[in-house]
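# Descriptive analysis of the structure
Next come the chains, spelled out residue by residue.
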Amino acid sequence: MDSALSTNGLSRTSPIALSGLTLTRIIEFICLGGGSLLIMAFCFCLGNLNFLMRDDVRFLLAQCAAAGLLFASLFSYPHAMWSYRFAYQQGRPFVLRHSWELIGYPVLIIGLLTISALTWNTPITAISAIASVESLFSGLFRIDLNWSKYSSLGELLLASLLVLQIVMSGYHYGMQALGIAIACGEHRGYKLGAQEKKYLRFNLYALWLVNLLSGYTFLSILDNRCFGYRPIRFPTELKMAAALAFGLTVMLVLYKVVLPVLRQSRRLPPVSACLPIISVWLWLQPFCQPFGFQAGVVPLAHGLQYLYFSARAEVGGFDQTLSKTLSKNRLLQLVALTALFAALVGSGYLAYKYVPVMLDGTAMVKNMAPNFFILAAYIFFNTHHFMIDAVIWRGDSRLRPMMPALPAD
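Definitions and limits used
Residues numbered from 1 in each chain as written. Predicted model: local features only at pLDDT ≥ 70, side-chain atom pairs only at ≥ 80, totals over all residues. Heavy atoms only, no water. Salt bridge = Lys/Arg side-chain N within 4 Å of Asp/Glu carboxyl O. Helix = DSSP H or I, 4+ residues; strand = E, 2+ residues; numbered from the N terminus. Expected span 1.5 Å × (residues − 1). Buried < 20%, exposed > 50% of the residue type's maximum accessible area, 1.4 Å probe, protein only. Contact = heavy atoms within 4.5 Å. Core = buried A, V, L, I, M, F, W, Y, C linked by side-chain atoms within 4.5 Å. pLDDT = per-residue confidence, 0-100.

### Examining the pattern of salt bridges
- Under the criterion given, the structure shown has 4 salt bridges.
- The salt bridge partner of Glu314 is Arg85, with a shortest N-O separation of 2.7 Å. On the criterion of sequence distance, the pair formed by Glu314 in helix H12 (residues 293-315) and Arg85 in helix H4 (residues 68-88) is long-range, its members being 229 residues apart.

### Looking at helix H6 (residues 99-118)
- Between the first and last C-alpha of H6 there are 27 Å, a value that for 20 residues agrees with the 28 Å anticipated at 1.5 Å per step.
- Residues Glu101, Leu102, Tyr105, Pro106, Ile109, Leu113 and Ser116 constitute the buried set of H6.
- Packed against the buried residues of H6 are H4, helix H5 (92-97), helix H8 (153-187) and helix H15 (372-392).

### Here we look at the nonpolar core
- Counting 48 residues, the largest nonpolar core has Tyr216 and Val280 as the members making the most contacts within it.
- Elements represented by at least two residues in this core include exactly H8, helix H9 (194-213), helix H10 (236-265), helix H11 (271-284) and H12.
- Counting residues per element, this core draws most heavily on H8, which supplies 11 residues.
- Of all hydrophobic cores here, the second largest spans 44 residues; its members include Ala72, Met168, Phe373 and Leu399.

### Brief notes about the confidence of the model for the chain
- This prediction gives the chain a mean pLDDT of 84; 87% of its residues lie at or above 70.
- Here residues 1-20 scores under 50 on pLDDT; set against residues more than four positions off or in separate chains, the count is 25 contacts.
- Counting interchain partners and residues more than four positions distant, the pLDDT-below-50 stretch residues 405-409 has 16 contacts.

See below:
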């Protein structure tokens, strides 16, 4: 086994120290994925009619529905804005070194969204090649693309960009979970070897494939009278093969990663290292998902993980000028971090919600889906955030030395 267990990370903790760390451990548990697992358990309880009909449960559901925008503003929107800060505040040389991710990609996505808007009223039947491609995929691969079920070329392009966003998010969630598991494990004195990291990568790739082959049917939650998502249908045999591969890689992780630790130390790996992996397993598996969970709760939980590490990076000195100014005053550090978070919450709300809603109310979209700009903003900022994250944790980034345990790209 290549991993090493330091005695410091697994040493006994005195009752006084344990009492002092309780709140920190609870926050860590919630942020790293535990909060989403509790919500998932609650969602499954809603299948019990007696539980659902309780007055206190229905009151809680009403409060959660009313606070949905607040949760998104606090957890989902600002984490993408924080990635913009981490990328574009590293200076021109860094931006130019990664010009495709930071300049070229956003221009490309804006161009595709513009084409979608301009072709919103172009009938899908006017593009004969679409039917030919559908027929080819159906005949050779038994994959039903369902492209011809859209009313227009613009709708098809928007739906395709939504699928791109979800495909990228599945990979992004998995790799973030891996990075967090490695970093938190090393923080607790548990270090994964190169082979063990490889096993985990195989497992997360298999999970991503299972999620992809589900056709993302949960996107039907976005359907309305002007726009409806038509999921791609993959052969049952292909989905079963992917599910089997995922199950085998889970067994591989248990046998090659968890069992050696148990044999050597008589203990499981640290909870903070296991929790991100278990969470992403449940986030992306399509077998027993509460309705709307992957579309609504998972982005919030993912954002909360990101915010946890963003705060650590800020405290660790990402902004060197600010860090020198506040290094000797903990109270000022907390005030500065809170002010930065508030600014990013505000900018995220403007970018994701306020401005798109305002644009959706203008005359330019009278013949399009009433929420076109909401969907466009969702696609643009999320996919660009995924591209940004592919570079800001690399070795040439100011962030990398603050998280030395993260795996190399």
